[in-house]
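Notes for the structure review
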Amino acid sequence: MNQYDIDFDLKHIWHPYSSMINPITCYPIISAKGIFLKLNNGKSLIDGMSSWWSVIHGYNNTRLNKALNKQISKMSHIMFGGLTHPAAITLCRKLIHITPEQLECIFLADSGSVSVEIAMKMSLQYWQSLGENRKVFLTIRNGYHGDTFFAMSVSDPQNSMHSLYKNLLPIHLFADAPKCTFESQWHQDDIYSFNKLIDQYEKKISAVILEPIVQGAGGMKFYHPEYLVQVRKACHDYKIPLIIDEIATGFGRTGKLFAYEHAGIIPDILCLGKSLTGGTMTLSATITTRKIANTISNGQSNCFMHGPTFMGNPLACAVASESINILQEHKWKKQVLGIQKILRYMLYPLKEHPHVFDVRVLGAIGVIECQYLININNIQRFFVENGIWIRPFNNLIYLMPAYIIDKKSLYRLIAVIKKSLDQKQCFIL
Ligand SMILES: *Cc1c(COP(=O)(O)O)cnc(C)c1O
């Protein structure tokens, strides 16, 4: 990659949430291995992001590569309509095995947002089959479920800029965001707003959808497991399906294989994505109960109306199976709890820093909520100059390294973050 390429990128290629007139700096990466990203000038960066939750076993993982190579020598893709293949069957067997018994019907798709669309369509078709007109979804504020239209409609109205799409987005119900944090004491008041809405709109609600325990892109907050326990109970009492979006939290990130395990609950529909393939391919899975699947199948269309071109892509399925194999060797838990211990020990003292509002740690996720908005371009330059890769947003600096990260590299990530807090240019003061 030379300057000519970088200028082309600036001029012609959109990056996430970016402007074509005033684009943010993008750093050219030519390869990646383990926890390192290699810049085109030969320098390496320690990666603290796992490329947005996904690369949990590290980059360029030998075992994942091998699984991909093995599959590519057989076939990269075949349509899933009217055809099936061993890679999909093996993966779905594993997914059913590692999730609760009640979840037994799987829909494979291309990405997290699409998985959310599918989960929402499942609940809509479920009620249609039962002859009820239920079109409203109940969720909580500060949520994030993706950038497609229906996923956006249940994401936080402010964070997801609902105002940009006024009259185009369906209007849903937003309960107050949980206030009791994961480690604090539970107060029954916290669930009041949710309970009130579910009771008031009982017969209109198609499903409840939320992220379990960790609210990710909506503010990196960790809420109390009792909230989820009571949501589950209310959904059960009112006979409303519960959609749990584990796209960010699934596969060990929070210290449990799935974050809903912190509350000991079982969803009716489960969305998986991001780290499903160890961050190598784009793939999602939406898993539901036999009851919901059969009700949909007995409905007026006799089928579930969705079928992406790349559904069940063999390469993605094969590498997802191998990623789960790695997790099933059970090293992840010790790794994640080890990261949690270091993050707590090293980050909690930063609460005293005058630029810091709050520090939170859960599993292999560390969050520093600053008092001020962050100057993203400047802080990123500072991080890159100091050999690390972290991408903050709003007033949040957060870490979610690959589970395989070594202690020294983790200390380095934390040391550079600490230094950045004293850099005036990194904040909008
Ligand atoms: C990232 C994310 C999504 C969207 O997934 P994409 O693959 O980006 O479409 C949905 N829900 C949650 C909780 C996420 O973190």
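Counting starts from 1 at the beginning of each chain's written sequence and moves along it residue by residue. In view of the model being predicted, local features appear only for residues whose pLDDT reaches at least 70, and side-chain atom pairs are presented and counted only at 80 or more, with totals across whole chains, interfaces and linings using the full set of residues. Side-chain numbers here rest on the full set of heavy atoms in the structure, without hydrogens or water.

**Regarding the overall build of the protein chain**
The criterion, for reference: Comment: elements are numbered from the N terminus, with helices defined as DSSP H or I runs of at least four residues and strands as E runs of at least two. Each radius of gyration is computed over the set of C-alpha atoms, and the globule rule expresses the reference value as 2.2 Å times the number of residues to the power 0.38. Residue burial is assigned from relative accessible area. The probe radius is 1.4 Å, only protein chains are included, and a residue is buried under 20% of its type maximum, exposed over 50%, and partly exposed in between. Contact between two residues is taken to exist if any of their heavy atoms lie within 4.5 Å; hydrogens are not considered. Charged residues are defined narrowly, with Lys and Arg counted positive, Asp and Glu counted negative, and His plus the chain ends left uncounted. In this description, the location of a charge corresponds to atom NZ of lysine, CZ of arginine, CG of aspartate or CD of glutamate.
Counting secondary structure elements, the protein chain contains 13 helices and 18 strands. For the protein chain, whose C-alpha radius of gyration is 22 Å, the value lies close to the compact-globule estimate of 22 Å for 429 residues. Expressed as lengths along the three principal axes of its C-alpha atoms, the size of the protein chain is roughly 60 × 55 × 45 Å. For the protein chain, the residues scored as buried account for 54% of the 429 residues in total. Sequence-distant contacts in the protein chain: of pairs separated by 6 or more residues, those separated by 24 or more amount to 70%. The positive charge centre, built from 43 side chains, and the negative charge centre, built from 32, are 5 Å apart in the protein chain.

**Here we look at the site of the ligand**
Inclusion rule: Any residue with a heavy atom positioned within 4 Å of a molecule or strand is treated as near that molecule or strand. N or O atoms closer than or at 3.5 Å make up a polar contact, with two conditions inside protein: a donor-capable atom paired with an acceptor-capable one, and, for residues adjacent in sequence, both atoms drawn from side chains. Note that accessible areas follow from Shrake-Rupley with a 1.4 Å probe, and for residues the cover is restricted to the protein chains shown.
Every residue close to the ligand is listed here: S111, G112, S113, Y144, H145, G146, E211, D245, I247, A248 and K274. With respect to the ligand, the backbone of G112 contributes an N or O atom lying 2.9 Å from an oxygen atom. One nitrogen or oxygen atom from the side chain of S113 is found 2.5 Å from an oxygen atom belonging to the ligand. The fraction of the free accessible surface of the ligand (380 Å²) that becomes covered by protein chains is 82%.

**Here's the deal with the pattern of salt bridges**
Put simply, the test is: In the sections that follow, a salt bridge refers to a side-chain nitrogen of Lys or Arg positioned within 4 Å of a carboxyl oxygen of Asp or Glu.
Tallied over the full model, the rule gives 11 salt bridges. One salt bridge connects D237 with K233, and the closest N-O pair in it is separated by 2.8 Å. With a gap of four residues between them, D237 and K233 both fall in helix α8 (residues 225-238), about one helical turn apart. What makes D237 partly exposed here is its relative accessible area of 44%. The salt bridge partner of K331 is E329, with a shortest N-O separation of 3.7 Å. In this structure, a network of salt bridges that share partners links the residues R63, E322, E329 and K331.

**Considering the domain arrangement of the protein chain**
Our working rule: Segmentation into domains, and thus their bounds, comes from an automatic or database assignment. Joining two parts hides part of their accessible area as seen by a 1.4 Å probe, and the buried area is that hidden amount summed over both.
Each domain of the protein chain was delimited in the assignment, giving domain 1 (6-60 + 331-428) and domain 2 (65-327). On a C-alpha basis, the centroid separation for the pair domain 1 and domain 2 is 27 Å. If you look at the interface, domain 1 gives 28 residues, while domain 2 gives 29 residues. When the buried surface of domain 1 facing domain 2 is broken down by residue, W53, W332 and L362 rank first, second and third, together holding 31% of it.

**Re the sheet that holds strand β17 (residues 396-399)**
Pairing between the strands of a sheet comes from backbone hydrogen bonds, and it takes one of two forms, parallel or antiparallel. Rule in force here: A pair of strands is treated as paired once DSSP finds two or more bridges between them. Only the stretch in contact is used when a helix axis is fitted, and all axes are lines through C-alpha atoms; the angle between N-to-C directions ranges over 0 to 180 degrees.
Spatial ordering of the open sheet is given by β13-β14-β17, a layout of three strands whose pairing is antiparallel. Of all strands in the sheet, those with a lone pairing partner are β13 (356-362) and β17, marking the two edges. When strand polarity is set aside, the average angle formed by the axes of neighbouring strands in this sheet is 10°. Here β13 pairs with strand β14 (residues 365-370) via six bridges, running antiparallel. Directly across from R360, in β14, lies its bridge partner V367.

**So, the sheet that holds strand β1 (residues 29-33)**
One open sheet accounts for four strands, arranged β1-β2-β3-β16; its pairing is mixed. Where the open sheet ends on each side, the last strands, each with one partner, are β1 and β16 (388-389). Bridge count between strand β2 (residues 36-39) and strand β3 (residues 44-47): three bridges; the pairing is antiparallel. When the bridges of β3 are listed, K38 appears paired with S44. Contacts from helix α13 (residues 407-420) reach β2, β3 and β16, with the element oriented near 95° to β3.

**With respect to helix α7 (residues 192-200)**
Spelled out, the test is: Each C-beta atom gives one direction from the helix axis, and the arc is the one those directions make.
Within α7, the full set of buried residues consists of S193, F194, L197 and I198. For α7, the angular spread of the buried residues around the axis is 125°, confining them to a single face. Opposite the buried face of α7, at more than 90 degrees from it, the exposed residues are Y192 and Q200. Buried positions along α7 lie against β5 (136-140), β6 (173-175), β7 (205-210) and α8.

**Structural notes on the nonpolar core**
We apply this condition: Definition used in this section: a nonpolar core is a set of buried Ala, Val, Leu, Ile, Met, Phe, Trp, Tyr and Cys residues joined via side-chain atoms within 4.5 Å.
Counting residues in hydrophobic clusters, the biggest one holds 106 residues, and the most contacted among them are L95, F194, V208, L210, Y227, F251 and I397. Each of domain 1 (6-60 + 331-428) and domain 2 (65-327) contributes no fewer than three residues to this core. Not counting chain neighbours up to four residues away, the residues in contact with V208 comprise L138, F194, I198, V231, C235, I240, P241, L242 and I243. With 22 residues, the next largest nonpolar core counts F107, A119, M120 and I296 among its residues.

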